[in-house]
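# Chain and residue survey
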Amino acid sequence: MIQVTWFCLVAIMIAVYVVLDGFDLGAGIVHLFVAKTDPERRQVLRSIGPVWDGNEVWLLAGGGTLYFAFPALYASAFSGFYLALMMVLWLLILRGIAIELRSHIESPMWQSFWDLLFGGSSALLAILFGAALGNVVRGVPLDHDGFFFLPLWTNLMPGKDAGIVDWYTLLTGCAAFAALAAHGCYWVIYKTIGDLQTRARRFGSQVWWVVAALTAGITLSSFQIQSNLNMQYQVHPWGYIFPILAAAGLIGMRILSLRGKDLAAFLASSLYLIGMLTSAAFGVFPYVLPSNVDPAAGLTVTNAAAAEYGLYIGLAWWIPGMILAALYSFFVYRHFSGKVVD
Amino acid sequence: MDSALAVHRLHFAFTVTYHYIFPQLTMGLALLIVILKTIALRTGDERYNDAARFWAKIFAINFAMGVVTGIPMEFQFGTNWARFSKAVGGVLGQTLAMEGVFSFFLESTFLGLFVYGEKRLSPRMHWLSAFLVFAGSWMSGFFIIATDAWMQHPTGYKLGSDGTVQLDSFWGLLLNPWTFWQYLHNMTGAVVTASIVMSSIGAYYLLSGKFNEYARIFVRTGVIAGTLACLIMLFPTGDQQGAMVTRHQPVTLSAMEGLFDSTEGAPIALVGQPDTDKMTLDNPILVPKMLSFLTYRRWGAEVKGLKDFPRDQWPDNIPLLYYSYHIMVGLGTMLILLMLLCSYSLWRSTLYDARGLLWALMLALPFPYIATTAGWMTAELGRQPWLIYGLMRTADGDSSRVSAANGLFTLIGFMGLYLLFGILFLFLVHREIEHGPHTEVVPVQGVAQ
């Protein structure tokens, strides 16, 4: 079914975005803690400098693909989460400017200002992305015209009157923050040397416990909050492959990092992120945005999709286009591979 | 300003107008940088590489601003124009997603290599990365113009039973005749902006006696490219763009020209103020029969006036549309004259010492920006009251659930943020200009340095 194909393709693009931009967001979160001197901070920035913009393109291309394949979902979610998305925009803008402008002037004041902005915006973005995923799992008060609007917060309870932020989405936000901090940490360990690497190792091994605890927390609470999850995993037990992948990644990144296999630890962290995202996507399927008021009003893979002719046409340009994009990414990562040197 | 629709319109108008300050320079500059790199590669003249490296710095700052102010545009289709997006996403999503898939990956990859990789790459590979940045940005321009052209003149679609607009012909969407002329007109406009910026900075250096060698390259390259581009703006691209409006949006043509009564041998108004209540053009300075000739190539042809169109088809802000159009045409004409004078002086080998002309060239810097902005305002105000011409009214496309208060909250946020960025941008560009072009091979200031 073409709609399910596009659901999988969009999910893949979002997963690639989270893995790639995730490490530079994570690097932004951890650099304030692990990089103390200006040369160390430059080292962190150099490790993401040539690639961060390309990583963020996955968000734009993924957003464009979502718009084209599931216009009703794009329209509903973007207007419904209006305030949160505008904040995402401001943070993306501030963060991009901070990365690009920091090195234009050699002045400690100028640089520490942009460092703080880079760290702060990265942290808030991670939390907002996690909370967004939490909202999708929890469901939103969709009307039968397919629209809704959520205030930023109400009583912090994930019931029918929930806002964008409730305790559950706050928990998923914190989990995303910790997971991306760890992910960025493994990237920094892999790309750098010296004191910076040592501090990153220590930070990574501490933050792992937080990731593990929050992972358990969101897994348990998600099954409480969204009954569709129970149903999906009971009816299609093969879907347990996704949580198993996430668990394997979580354990793998700990063990591999302790053994000093830095690239493998980073890849295990990527596997963990992919496993968590696909677990959630599988769990809410066939919904793409469930309703927490009336299940029948939820947006599904079929009722949110564009007409079929366009979806088939889309495959004809999307597949060659993404092969090209993957080649560029491969080329640029190979070109800038290895440790960053001062 | 208390209606949600007005807020959503202003939200998009403000963010897109601000955004387009940057791409119009980078798209044009990408071409000029490829030209400089090509001359350097062919002749082995290192000054052209230095010149390219200097402009790459200006390019990088503008590109970063263009990227960060561009992201809100894609988001706003969903956040502020949800009913529109839900209805047409299956059609317009094609071009918008193609921009992401084909242009953004290409641009971001090779901009990194171009800006950070000069030391590591061979001269040919460095030229190639400059060329691919150019190709990516011009492709990006194409997909955005194709999107706007579809809203101006929808093609290749059919109406679904559920009220959505569906794709019926992929090539009908991509090969929209409106796209062709609008794309050429717009991209040539970007070359005008970049050429005038380049020659203007060159003129500033010559007048202040700095970086003379490079200044001459800037003035020469800018004036030659600018003259060609300015002429192409007028003919055939501007002329044909006008023909598209005449054929498909006749009421827009009358509003742009401030023509209220249908007239045979209609005059063109150079100056005047359209009064939509009394339906007159006040204080007009007219060139007789000119409008008929320009529109239909016949001096006596009849041009329909606004009074002969139903009022609910009129663009909803005729004075602003009229002024935007006249500012575009007026500034465009002045720039053509300036460029022709400079070209003549360049040909006579007197330009580098012609202080009067150099002053004019230097001070011309803001005008291409104003002209392009006015041109876009003409296109988008002229499309009103339609969001998709003849298919969906603007009033039916905004996000019904996002209140005026929430919209205004974020609009004010954007205004504050963009004000700060504007100051920062000017400060950084000013530093680069004062620093000037140099000979040493250093990668552009940036993260990888």
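Rules used in this analysis
- Residues numbered from 1 in each chain as written.
- Chains lettered and ligands numbered in written order.
- Predicted model: local features only at pLDDT ≥ 70, side-chain atom pairs only at ≥ 80, totals over all residues.
- Helix = DSSP H or I, 4+ residues; strand = E, 2+ residues; numbered from the N terminus.
- Rg over C-alpha atoms; globule rule 2.2 N^0.38 Å.
- Buried ≥ 20, exposed ≤ 12 C-beta atoms within 10 Å, placed from the backbone.
- Contact = placed C-beta atoms within 7 Å.
- Pairing = 2+ DSSP bridges.
- Core = buried A, V, L, I, M, F, W, Y, C linked by C-beta atoms within 7 Å.
- Expected span 1.5 Å × (residues − 1).
- pLDDT = per-residue confidence, 0-100.
- Axes fitted to C-alpha atoms, helices over the stretch in contact; angles between N-to-C directions.
- Parallel < 35°, antiparallel > 145°, perpendicular 65-115°, else oblique.
- Left-handed = near helix turned anticlockwise from the far one by under 90°.
- Nonpolar A, V, L, I, M, F, W, Y, C, P; charged D, E, K, R; others polar.

Let us look at the overall build of chain B. Scanning chain B for helices and strands turns up 14 helices and eight strands. At 23 Å, chain B has a C-alpha radius of gyration in line with the 22 Å of a compact globule built from 449 residues. Dimensions along the principal axes, computed over C-alpha positions, put chain B at roughly 65 × 50 × 40 Å. Every one of the 449 residues in chain B was classed for burial, and the buried ones make up 54%. The contacts of chain B with a sequence gap of at least 6 include a subset with a gap of at least 24, amounting to 74%.

So, on to the overall build of chain A. Looking only at helices and strands, chain A has 12 helices and two strands in total. If you list the helices and strands of chain A from N to C, you get α-α-α-α-α-α-α-α-α-α-α-β-β-α. For 342 residues, the compact-globule formula gives about 20 Å, and the C-alpha radius of gyration of chain A, at 20 Å, lands near that figure. Along the first, second and third principal axes, the C-alpha set of chain A runs to 55 × 40 × 40 Å. For chain A, buried positions account for 60% of its 342 residues.

We now examine the interface of chain B and chain A. Contact with chain B, which involves 51 residues of that partner, is made by 56 residues of chain A. Looking at the side of chain B that touches chain A, the elements that each hand over two or more residues are helix H3 (46–79), helix H4 (82–116), strand E2 (165–167) and helix H14 (404–435) of chain B. Here the side of chain B that touches chain A gets 22 residues from one element, more than from any other, and that element is H4 of chain B.

What follows covers the pairing of strand E5 (residues 280–287) of chain B. Residues and elements named next belong to chain B. Looking at chain direction, strand E4 (residues 268–275) and E5 are connected through six bridges and run antiparallel. Across the sheet, the residue bridging to Gln273 is Asp282, located in E5. The turn joining E4 and E5, which pair antiparallel and follow one another in sequence, is formed by four residues; a positive phi near 55° is taken by Met279.

This brings us to the nonpolar core. In a soluble, globular protein the nonpolar side chains are often hidden away together inside. Formed by 265 residues in total, the largest nonpolar core has its most connected members in Leu73 and Ala126 of chain A together with Ile33, Trp55 and Leu335 of chain B. Sort the elements by how many residues they give to this core and H4 of chain B lands first, with 20 residues. Setting aside residues up to four positions removed in sequence, Leu335 of chain B forms contacts with Val192, Ile196, Cys230, Ala364, Phe367, Pro368 and Ala371 of chain B.

Residue and element names in this part refer to chain B. Tracing the backbone through its elements, the reader meets Val287 in strand E5. Classification of Val287 by C-beta neighbours within 10 Å gives exposed; the count is 12. Each C-alpha atom of the pair Val287 and Asn212 lies 44 Å from the other, and the pair is 75 residues apart in sequence. Apart from the residues lying within four places of it in its own chain, the contact partners of Val287 are Pro267, Ile268 and Leu270.

All names here are of chain A. When you tally the buried positions in helix H2 (residues 38–48), you get nine out of 11 residues, the bulk of the element. Residues of H2 that are buried: Glu40, Arg41, Arg42, Gln43, Val44, Leu45, Arg46, Ser47 and Ile48. Lining the buried residues of H2 we find helix H1 (2–34), helix H3 (52–69), helix H5 (82–101), helix H6 (108–138), helix H7 (167–191) and helix H8 (194–225).

Turn by turn, an α-helix covers 3.6 residues, leaving residues three or four places apart pointing in a common direction. End to end, H3 of chain A covers 26 Å across 18 residues, agreeing with the expected 26 Å (1.5 Å per residue, within 8%). The buried fraction of H3 of chain A is high, at 18 of 18 residues.

Secondary-structure assignment places Ile251 of chain A in helix H10 (residues 241–258). Considered as a pair, Ile251 of chain A and Ser112 of chain A are 139 residues apart in the sequence and their alpha carbons are 36 Å apart.

Right, let's get into the confidence of the model for chain B. Across chain B, the average pLDDT comes to 93, with 97% of residues at or above 70. Prediction confidence for the complex, expressed as pTM and ipTM, is 0.94 and 0.92 respectively.

Here we come to the packing of H1 of chain A against H3 of chain A. Residues and elements named next belong to chain A. With their axes 8 Å apart at the nearest point, H1 and H3 run at an angle of 160° to one another. Accordingly, the angle class assigned to the pair H1 and H3 is roughly antiparallel. Helix-helix and strand crossings are classified by hand; for H1 and H3 the assignment is left-handed. Each of Trp6, Leu9, Val10, Met13, Ile14, Val16, Tyr17, Leu20, Asp21 and Asp24 in H1 lies in contact with H3, whose residues at this interface are Trp52, Asn55, Glu56, Trp58, Leu59, Ala61, Gly62, Thr65, Leu66 and Ala69. For the contact of H1 with H3, the residue count by class is 14 nonpolar, three polar and three charged.

Orientation of H5 of chain A relative to H14 of chain B, taken along the N-to-C sense of each, is 5°, at an axis distance of 11 Å. What the angle tells us is that H5 of chain A and H14 of chain B run roughly parallel. Two secondary-structure elements touch here, H5 of chain A through Tyr82, Leu83, Met86, Trp90, Ile93, Ile97 and Leu101 of chain A and H14 of chain B through Asn406, Thr410, Gly413, Leu417, Phe421 and Leu428 of chain B.

The amide bond that connects Phe285 of chain A to the next residue, Pro286 of chain A, takes the cis arrangement and shows omega of 5°. Take Pro286 of chain A: it is sitting in the loop between helix H11 (262–284) and strand E1 (287–289). The omega torsion of the bond from Phe235 of chain B to Pro236 of chain B falls at 5°, within 30 degrees of zero and hence cis. Structurally, Pro236 of chain B can be placed in helix H8 (residues 212–248). If you check the backbone angles, Leu156 of chain A has positive phi at about 65° while not being a glycine. In this structure, Leu156 of chain A sits in the loop between H6 and H7.

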